[in-house]
Amino acid sequence: MKKGRLIVISGPSGVGKGTVVKALTERDPRLKLSVSATTREMRPGETDGVQYYFISHEKFEQMIAEDRFLEHARYVGNRYGTPEEPVDRMLNQGYDVLLEIEVQGGLQIMQRRPDAIPIFIAAPSFEVLGARLRGRGDTDEEKVLMRLQQARMEYLTARQYRYIVVNDRLEDAVRDVEAILRAEALKTEHQEHLLKEDD
Ligand code: 5GP
């Protein structure tokens, strides 16, 4: 069976990358979302094993020591990591696997898995990003400014991603990611078999 592809989706808080990822997986049953491990507190409405595996700092350290993460990073005081085994299992079953991770983790994946497809989701502008953060009930201006500062740092790293998709209208962003995945599949290196004569 043909192995699946590893796809990295990153982008700042407030850009709506979760919504893009959800729409992508709903439209294509061959796309699976990897479930990360984190040390952060569970938010209302979240379930262990669904959005994340919620684990202790000790357990996180232990998983690092056992080399069980494909990548891991610190983000706003908490730790996040992608367990390697389930990702490879899904890839070997022929599924394309999406990692929705922040940029430090994205860079680690680019180094460890050069054939991964890194996509950065950006807002149409910084003003729009600020407006979205303020509009989602986050009235605490200090928090909004902190997130915008974090976004500035993430945008510096975005230059190392292969693609940038703007999330202005959700439908367009989803179609753009689908177009990237289609074009990637048409690359010559993936179609060598067409250029060979039967023996
Ligand atoms: P949140 O706590 O809001 O769910 O996520 C915070 C940030 O951590 C988001 O940018 C999210 O994409 C990122 N994140 C989630 N899981 C992982 C992971 O396994 N590794 C890395 N590096 N970042 C992650």
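Here, the structure is the one placed above.
Worth saying up front: this structure is predicted, and the values here are computed from it rather than measured.

(A) Here's a closer look at unusual backbone geometry. Although it is not a glycine, Asp67 sits at a positive phi angle of roughly 55°. Positive phi, normally seen in glycine, also occurs at Val76, with a value near 40°. Note on placement: Val76 falls in the loop between strand S5 (69-75) and strand S6 (78-83). Of the residues examined, Val76 reaches a relative accessible area of 58% and is grouped as exposed.

(B) Structural context of the packing of helix H5 (residues 126-135) against helix H6 (residues 141-158). Two elements in contact, H5 and H6, have axes separated by 10 Å at closest approach and are oriented at 140°. With respect to H6, the element H5 is oriented oblique. Crossing geometry of H5 relative to H6 is assigned as right-handed. Across the interface between the two elements, Phe126, Leu129, Gly130, Leu133 and Arg134 from H5 touch Glu141, Val144, Leu145, Arg147, Leu148, Ala151, Arg152 and Tyr155 from H6. Across the contact of H5 with H6, the residue classes break down as eight nonpolar, one polar and four charged.

(C) Seen up close, the sheet that holds strand S3 (residues 36-38). Taken in spatial order, the four strands make up an open sheet running S4-S3-S6-S5, and their pairing is mixed. The open sheet terminates on both sides in strands that have one partner only, identified here as strand S4 (52-54) and S5. The average undirected angle you get between the axes of adjacent strands in this sheet is 25°. In this fold helix H3 (residues 84-92) packs onto S5 and S6, with an angle of close to 35° to the strand it touches most, S6.

(D) The arrangement of the pattern of salt bridges in detail. Applying the stated criterion across every chain yields a total of 17 salt bridges. As a salt-bridge pair, Arg112 and Glu84 come within 3.7 Å of each other at their nearest N and O atoms. You can see Arg112 sitting in helix H4 (residues 103-112) and its partner Glu84 sitting in helix H3, a full 28 residues away along the chain. Put simply, Arg89 and Glu85 hold a salt bridge, and the shortest N to O gap is 3.1 Å. Pair noted here: Arg89 and Glu85 are both in helix H3, with a separation of four residues, about one helical turn. Classification of Arg89 by relative accessible area gives partly exposed; the value is 41%. Overlapping salt bridges, with partners in common, bring together Arg27, Glu171, Arg175 and Glu178 in one network.

(E) Region of interest: H5. Taken together, the buried positions of H5 are Leu129, Gly130 and Leu133. Burial along H5 is one-sided: seen end-on, the buried residues are contained in an arc of 100°. Turned more than 90 degrees off the buried face of H5, the exposed positions are Glu127 and Gly135. The backbone nitrogen of Glu127 has a side-chain oxygen 3.4 Å away, supplied by the residue at the start of H5, namely Ser125.

(F) Broad picture of the packing of helix H1 (residues 17-27) against helix H7 (residues 170-185). Following both chains from N to C, one finds H1 and H7 inclined at 60°, their axes separated by 10 Å at the closest point. If you check the angle between H1 and H7, you find them oblique. Crossing handedness for the pair H1 and H7: right-handed. Taking contact as the criterion, the partners of Thr19, Val20, Ala23, Leu24 and Arg27 in H1 are, on H7, Leu170, Glu171, Ala173, Val174, Arg175, Val177 and Glu178.

(G) Broad picture of the layout of surface pockets. Volume-wise, the largest pocket comes out at about 1,300 Å³. Lining the largest pocket are 42 residues, with Lys17, Arg40, Arg43, Tyr52 and Glu100 sitting closest to its centre. Where the lining of the largest pocket is concerned, the elements lending two or more residues are H1, S5, S6, strand S7 (96-100) and H6. Among the elements that make up the lining of the largest pocket, the one with the highest residue count is H1 (six residues). Residue classes in the lining of the largest pocket are distributed as 14 nonpolar, 15 polar and 13 charged.

Conventions and cut-offs
- Residues numbered from 1 in each chain as written.
- Predicted model: local features only at pLDDT ≥ 70, side-chain atom pairs only at ≥ 80, totals over all residues.
- Heavy atoms only, no water.
- Helix = DSSP H or I, 4+ residues; strand = E, 2+ residues; numbered from the N terminus.
- Buried < 20%, exposed > 50% of the residue type's maximum accessible area, 1.4 Å probe, protein only.
- Axes fitted to C-alpha atoms, helices over the stretch in contact; angles between N-to-C directions.
- Parallel < 35°, antiparallel > 145°, perpendicular 65-115°, else oblique.
- Left-handed = near helix turned anticlockwise from the far one by under 90°.
- Contact = heavy atoms within 4.5 Å.
- Nonpolar A, V, L, I, M, F, W, Y, C, P; charged D, E, K, R; others polar.
- Pairing = 2+ DSSP bridges.
- Salt bridge = Lys/Arg side-chain N within 4 Å of Asp/Glu carboxyl O.
- Arc of directions from axis to C-beta.
- Polar contact = N/O pair within 3.5 Å; in protein donor to acceptor, adjacent residues only side chain to side chain.
- 1 Å grid on protein atoms, 1.4 Å probe; cavity = no way out; pocket = protein on both sides within 12 Å on 5 of 7 lines; lining within 4 Å.
- Points joined across faces, edges and corners; volume = space filled by probe spheres on them.

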